[in-house]
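In case you want the letters, here they are:
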Number of protein chains: 2
Amino acid sequence: MNKDRIVLAHGGGGILTRELVEKIIVPSIGGDKSTLPDAAPVAGGGGFFFTTDSFVVKPIFFEGGDIGSLSVHGTINDLAVSGAEPLALSLSLILEEGLEIEILKKVLESAGRTARECNVKIITGDTKVVSRGEADELFINTAGIGVGRIDLEDSAISEGDRVILSGPIAEHGIAVMSQRQGIDLDTKIRSDSASLWPFVRALLDADIEIHKMRDPTRGGLAATLVELSDDFSVTTEIEEAKIPIRPGVRGACEMLGLDPLTVANEGKLVAFVASSDADRAVDILKGVPGGGEAAVIGTVFPRRAFSVYLKTPYGGDRVIDMTYGEELPRIC
Amino acid sequence: MNKDRIVLAHGGGGILTRELVEKIIVPSIGGDKSTLPDAAPVAGGGGFFFTTDSFVVKPIFFEGGDIGSLSVHGTINDLAVSGAEPLALSLSLILEEGLEIEILKKVLESAGRTARECNVKIITGDTKVVSRGEADELFINTAGIGVGRIDLEDSAISEGDRVILSGPIAEHGIAVMSQRQGIDLDTKIRSDSASLWPFVRALLDADIEIHKMRDPTRGGLAATLVELSDDFSVTTEIEEAKIPIRPGVRGACEMLGLDPLTVANEGKLVAFVASSDADRAVDILKGVPGGGEAAVIGTVFPRRAFSVYLKTPYGGDRVIDMTYGEELPRIC
């Protein structure tokens, strides 16, 4: 691979994405941290958190959502997993000349409806137009402001912590991918695109001892667990039998040759919590709409050779890696 | 023109942009206002302001700046003209597969350096990659948070107000345009890309009675004055002889067939101030680096047939209109 140029894999949420951010983007900007977080507290900002996300999903409309609803949920979720209650969004459009205005309307109606459902306001915006062939239909950036309910910045993951997952995995990636490829699945797979704030709020209201939260989007559950385990020099063991996954999704992954652990989610919460609170946390998530299949899926151990191991139902251990790069371009 | 599709002119900052925002974008989102402002106060946000801007300027590098510095200045300026001190920025990238990493580095170094010069922090980010031909090199979105120093939301422009301009116009648009077209001008025209916060801060520190501020970007000084005059049902008269413009820029505009009043600026402040404070405001701007040519350029009158008139040195009046659409695509 030509190391001097951007490749699709730089956007895949895997090892190459991390390298691009840590070795090129952050040092070039001259930031004082090793990475630019998905959401960050605003210094001097009275407990406010700030986040941004650009959305380039293709196709624009998919089962269970579209680029409009996704761009609202995605930014809300970056705030939620930082422990911040989403308050206000910006919405900035890059439109390709020739885009049908009816498509734009449909996308924006979806974004507006989603924002209202999630009780956040879209308060500022911008629109740019580029010539035909200089963008692909439309791209959306949303940035978001939230009010910090808990400070997880200095919180750490450590031995004994349990890993909680709010529901079945890999649905967003498979929904987008099957639509894009025109694959006719027996059962329609719908994206799980949804706000995570109701889950997070319920955990916070119950004073669950949360150490870290993430939404496993690009790179899937695997990338999220590897990244966090590496950050805190621990090893996480997850149990295959505990990870909820719908049969149709499993079948589609097999057909497409994808490991569901590496496929994007857009409405799932991963939380590392104190062991003593794990079962209670799962009960709480089960009480939130969409959380019926919440489960404790793993445990944190002292660091071993690899970051994440999957325990199979047959007693075996499989090493789980981040993908190197892009299995599914333009998934979000 | 096909009314059912996006055309380049929708992005030009003129009449079509305004129509797109007011008739399509805002109603589709279902906002409770008639427009989405460039920067908005965050309800429940303790005096914070929020803004967003996407940058698609072509070429990426131009005399006096690049897409990195522009994306920092542009968002800072949206906050500044709302009366908010810029505090933190997000930076989100959409990269085209094949982009040279050296180019990305140069752009980000420029963004980082500009942010430090302006005393704002880039605290959160995102990166997406699309296939070759699905974007043009790179697009940047920056959103920004600022602390409101003054509330101009309910402030109005009225008869007798004077119009202040911080310096010579049309430099950004001509710098980008001449570079893009490969036009070899006798004197190199540099973009005026710069932070407006030092100007705004100086006016606020001196308690100048400001009624509205704007940065006349896409659509130029003409669009800004027409829009504000329409919003408050007044007519603004400006004096041609008072509007600073460098001879090289004037010459380039003539060569390119452009009215300098409609060409984009990226470092100029337009302020409507109380008549009694106008001369003092200009003196203050002259004391700020880059403000040496600040001037009172016009006066607000009761509404006449048109929004803006230009008084020529020969005693004539010329009606100034917004451009209909895009004279200069991808200027910012």
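Model, not experiment: these values are computed from the prediction.

Visitor: Got a minute to help me understand the interface of chain B and chain A in this structure?
Guide: A common measure of how large an interface is: the accessible area buried when the components associate. Contacts between the two partners involve 72 residues from chain B and, on the opposite side, 72 residues from chain A. When contributions to the side of chain B that touches chain A are tallied by element, the ones reaching two or more residues are helix 1 (15-29), strand 1 (39-41), strand 2 (48-55), strand 5 (84-96), helix 3 (101-117), strand 6 (121-130) and strand 7 (138-148) of chain B. For the side of chain B that touches chain A, the element with the most residues is strand 6 of chain B, which contributes 10 residues. Its residues assigned to classes, the side of chain B that touches chain A shows 35 nonpolar, 22 polar and 15 charged.

Visitor: Would you explain the relation of the copies chain B and chain A in this entry?
Guide: With an RMSD of 0.0 Å, the fit of chain B onto chain A corresponds to turning through 180 degrees and sliding 0.0 Å along the axis. Expressed as a symmetry operation, the mapping of one chain copy onto the other fits a two-fold axis. Proximity to the rotation axis, assessed at the C-alpha, singles out Ala135 of chain B in chain B; its C-alpha lies 2.0 Å from the axis. When the interface residues of chain B are mapped onto chain A, 100% of them again lie at the interface, so the same face is used by both copies.

Visitor: Can you help me understand the sheet that holds strand 1 of chain B in this one?
Guide: Note on sheets: strands pair through backbone hydrogen bonds, and any given pair is parallel or antiparallel. All names here are of chain B. Strand order in the open sheet made by the 5 strands is 1-2-7-5-6, with mixed pairing throughout. Edge strands, defined here as strands with exactly one partner in the open sheet, are strand 1 and strand 6. Within this sheet the neighbouring strands show an average axis-to-axis angle of 15 degrees, counted without direction. Here strand 5 pairs with strand 7 via 11 bridges, running antiparallel. Residue Leu89 lies in a different strand from strand 7, and its bridge partner there is Gly144.

Visitor: Can you walk me through unusual backbone geometry in this structure?
Guide: Glycine aside, negative phi is the norm for most residues, and most peptide bonds take the trans geometry. Residue Pro59 of chain A is bonded to the preceding Lys58 of chain A through a cis peptide linkage, with omega at 5 degrees. Examined against the element boundaries, Pro59 of chain A turns out to sit in the loop between strand 2 (48-55) and strand 3 (61-62). Even without a glycine there, the phi angle at Arg330 of chain A is positive, about 50 degrees. Relative to the assigned elements, Arg330 of chain A resides in the segment after strand 14 (317-320). For Arg330 of chain A, a count of 20 C-beta atoms within 10 Å puts it in the buried group. If you check the backbone angles, Asp207 of chain B has positive phi at about 55 degrees while not being a glycine. Along the chain, Asp207 of chain B falls in the loop between helix 5 (197-205) and strand 9 (210-214). With 10 C-beta atoms counted inside 10 Å, the residue Asp207 of chain B sits in the exposed group.

Procedures and definitions
Residues numbered from 1 in each chain as written. Chains lettered and ligands numbered in written order. Predicted model: local features only at pLDDT ≥ 70, side-chain atom pairs only at ≥ 80, totals over all residues. Contact = placed C-beta atoms within 7 Å. Helix = DSSP H or I, 4+ residues; strand = E, 2+ residues; numbered from the N terminus. Nonpolar A, V, L, I, M, F, W, Y, C, P; charged D, E, K, R; others polar. Least-squares fit on C-alpha atoms with pLDDT ≥ 70 in both. Pairing = 2+ DSSP bridges. Axes fitted to C-alpha atoms, helices over the stretch in contact; angles between N-to-C directions. Buried ≥ 20, exposed ≤ 12 C-beta atoms within 10 Å, placed from the backbone.

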